Amino acid sequence: MNLDFSQIVPYIPFMLEGVWVTLQFVIIAIIFGFILGSLIALVKISRFTLLKWLADFYTSIFRGTPLILQLLLIYYAVPQLTGYDISPFLSAILTFGLNSSAYVSEIIRAGIQAVDKGQREAAEALGIPYRPMMIKIILPQAMKNILPALMNEFITLTKESALVSVISYLDLMRRAQVVSSDIYRSFEPLLFVGLLYYAMVMVLTLIGKYVERRMRASD
Amino acid sequence: MINVEKLHKSFGETEVLHDINTSIERGEVVTIIGPSGSGKSTFLRCLNLLEQPTSGQVLVNDEDITNPNINILNIRQQIGMVFQHFHLFPHMNVLENLTYAPMTVKGESKVEAKQKAEQLLAKVGLSEKLEAFPNSLSGGQKQRVAIARALAMEPDLMLFDEPTSALDPEMVKEVLDVIKDLAHSGMTMAVVTHEMGFAKEVADRIIFMDEGKIVEESEPKSFFEKPDSERAQSFLDKVL
Ligand SMILES: Nc1ncnc2c1ncn2[C@@H]1O[C@H](COP(=O)(O)OP(=O)(O)O)[C@@H](O)[C@H]1O
Ligand SMILES: [Mg+2]
């Protein structure tokens, strides 16, 4: 058994800082993805055929290609095509935000369509206009389907965020690799950041459970 | 109050309503009966544009609602609808179910809407359920709330689509009683039902539909004693 955790001790603050660096872009990407995804979902349930087609196409592109490819494309293609030297941070936010918006839009669309269509008919029969019907009658019921799936999406995004290490963004994952090459040991730093990822996901899971319980209580 | 002329309705290639012509006078109670799949629901839903007629005219208070420039929401405010499966808003309590549309659509004040809701609940015998949520109510209670919710919009016409078909037998009467009261109060209504006793007792006129057509329109008495058409006769033989 050749394990020596004492060697990573000096690097612990460096790695812990990675938690914050990762969270920074993950949180921004989640918010960006959520806002954009909600807008795309609105398009998907609308009556504008061309826009709907575009929204579906957009979704299928982001769901149909590897995330790492999307990340590298944005990181390398943007400077090459526009001359703008995009930072790893911005590339990460853009890639994860755009990618997440595709999934979020599907989650919201499916959640809305899962609401009993009698609800919509009852609202229409009462003469309630589209917007208040959506906001006050359909969405509150769709939330029950949407929230758990959204929480899953956020957890996935948090874990997949480790991919940004390939564009040299000094996130949690990348820091484990830096430490490895410093101390010529991989297992200990990887195990350490693994625990940190696990802790982040557990916190998200607990938040999700709490929200779900609150929703059920209000039923 | 309602005038239907040459109404056709198709879903895709299949025509499910063929050349419907009829009218409903103010204060009249019409029941629509006929076998399952004969187009009763579709006909009712064409009257408040939950389904868009494929061709023909539907006049509501002399306004042609098939005209694309019509304000659909305006028309729907004048027509209440009660569904087989109630469709109460599950995240709102009974009071909110009754006040949301009047406040949102007609701009009634909260006080005004609440007062009316209380009166209506008293009328359907559910005053004590003001704060209850739909999932705590029995089927019969849900349907009575649904009737009150439609009445809260003060419609000119009420449409009922098999209002008792989803109920346990012991709850049918409490709902039919509410509908009867409403009929006696002079409300104009069209009721799709399989309750022949109710139809006989309450209706001013029976519309018998089969295979997307109105086969027969008669007074209840003569209809139930001896219908004009053979198809109505064989339908009655089956259900009575
Ligand atoms: N939304 C729809 N799409 C396609 N077909 C429909 C739809 N709604 C009703 N139908 C068809 O129209 C016919 C009449 O249905 P309906 O009006 O519900 O009959 P009823 O209420 O008398 O049982 C049926 O054959 C039914 O399958
Ligand atoms: Mg029906």
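Preceding block: the structure.
Let me begin by describing the structure that accompanies this report. (Residues numbered from 1 in each chain as written. Chains lettered and ligands numbered in written order. Predicted model: local features only at pLDDT ≥ 70, side-chain atom pairs only at ≥ 80, totals over all residues. Heavy atoms only, no water.)

1. What to know about the overall build of chain A
And step 1. When you go through chain A residue by residue, the secondary structure sums to eight helices and zero strands.
And step 2. Overall, the C-alpha framework of chain A stretches about 70 × 50 × 25 Å when taken along its three principal axes.
And step 3. Looking at chain A as a whole, 43% of its 219 residues qualify as buried.
And step 4. A fraction of 75% describes how many contacts in chain A between residues 6 or more apart in sequence connect residues 24 or more apart.
And step 5. In the structure as shown, chain A presents an accessible area of about 11900 Å², 68% of it carried by carbon and sulfur atoms.
And step 6. Positive and negative side-chain charges of chain A, numbering 18 and 15 respectively, have mean locations separated by a distance of 9 Å. (Helix = DSSP H or I, 4+ residues; strand = E, 2+ residues; numbered from the N terminus. Buried < 20%, exposed > 50% of the residue type's maximum accessible area, 1.4 Å probe, protein only. Contact = heavy atoms within 4.5 Å. Areas by Shrake-Rupley, 256 points an atom, 1.4 Å probe, with all protein chains shown as cover. Lys, Arg positive; Asp, Glu negative; His and termini not counted. Charge placed at Lys NZ, Arg CZ, Asp CG, Glu CD.)

2. Some remarks on the sheet that holds strand β5 (residues 63-64) of chain B
Residues and elements named next belong to chain B.
And step 1. Pairing is antiparallel across the open sheet formed by four strands, whose spatial order is β2-β1-β4-β5. Each edge of the open sheet is held by one strand with a lone partner, namely β2 (14-24) and β5.
And step 2. Two strands pair when backbone bridges link them, and strand β1 (residues 2-11) and strand β4 (residues 55-60) are joined in this way by five bridges, in the antiparallel orientation. Within β4, the residue paired with Ile 2 across the bridge is Val 60.
And step 3. Running at roughly 120 degrees to β1, helix α1 (residues 40-47) makes contact with β1, β2 and β4 of the sheet. (Pairing = 2+ DSSP bridges. Axes fitted to C-alpha atoms, helices over the stretch in contact; angles between N-to-C directions.)

3. Concerning the interface of chain B and chain A
And step 1. At the junction of the two partners, chain B supplies 22 residues and chain A supplies 17 residues.
And step 2. Where chain B touches chain A, the interface holds one salt bridge.
And step 3. When the shortest N-O distance is used, the salt bridge between B:Arg45 and A:Glu121 registers 2.7 Å.
And step 4. At the boundary of chain B with chain A, the tally comes to three residue pairs in polar contact (both at pLDDT 80 or more). (Salt bridge = Lys/Arg side-chain N within 4 Å of Asp/Glu carboxyl O. Polar contact = N/O pair within 3.5 Å; in protein donor to acceptor, adjacent residues only side chain to side chain.)

4. Describing the nonpolar core
And step 1. Among the nonpolar cores identified, the biggest contains 79 residues, and A:Ile128, B:Ile32 and B:Phe43 are the most heavily contacted of them.
And step 2. No other element matches helix α6 (residues 130-160) of chain A, which puts 11 residues into this core.
And step 3. If you look at the next biggest cluster of nonpolar residues, it comprises 38 residues, including B:Leu95, B:Leu120, B:Val145 and B:Ala152. (Core = buried A, V, L, I, M, F, W, Y, C linked by side-chain atoms within 4.5 Å.)

5. Quick look at the pattern of salt bridges
All names here are of chain B.
And step 1. What the rule picks out here adds up to 20 salt bridges over all chains.
And step 2. The salt bridge partner of Asp 177 is Lys 173, with a shortest N-O separation of 2.8 Å. Remark: Lys 173 and Asp 177 occur in helix α6 (residues 172-184); sequence separation between them is four residues, near one turn of the helix.
And step 3. Take Lys 173: its relative accessible area is 58%, and that puts it in the exposed class.

6. Structural notes on the sheet that holds strand β10 (residues 213-218) of chain B
Residues and elements named next belong to chain B.
And step 1. Strand order in this open sheet of six strands is β6-β7-β8-β3-β9-β10, and the pairing throughout is mixed. Looking at the sheet topology across the chains shown, the edges are occupied by β6 (79-82) and β10. Averaged over neighbouring strand pairs, the angle between their axes works out to 20 degrees when direction is ignored.
And step 2. By the bridge criterion, five bridges tie strand β7 (residues 157-161) to strand β8 (residues 188-192) in an arrangement that is parallel. Paired with Asp 161 across the two strands is Val 192, which belongs to β8.
And step 3. Contacts from α1 reach β3 (29-33), β6, β7, β8 and β9 (205-210) within the one sheet, and its direction differs from that of β7 by about 155 degrees.

7. Description of the packing of helix α3 (residues 94-105) of chain B against helix α4 (residues 110-123) of chain B
Residue and element names in this part refer to chain B.
And step 1. Two elements in contact, α3 and α4, have axes separated by 9 Å at closest approach and are oriented at 130 degrees. In terms of orientation, α3 and α4 fall into the oblique class. The handedness of the crossing between α3 and α4 comes out as right-handed. Along the contact surface, α3 presents Val 94, Leu 95, Leu 98, Thr 99, Pro 102 and Met 103, while α4 presents Lys 110, Ala 113, Lys 114, Lys 116, Ala 117, Leu 120 and Leu 121.
And step 2. Residue composition of the contact of α3 with α4, grouped by class: nine nonpolar, one polar and three charged. (Parallel < 35°, antiparallel > 145°, perpendicular 65-115°, else oblique. Left-handed = near helix turned anticlockwise from the far one by under 90°. Nonpolar A, V, L, I, M, F, W, Y, C, P; charged D, E, K, R; others polar.)

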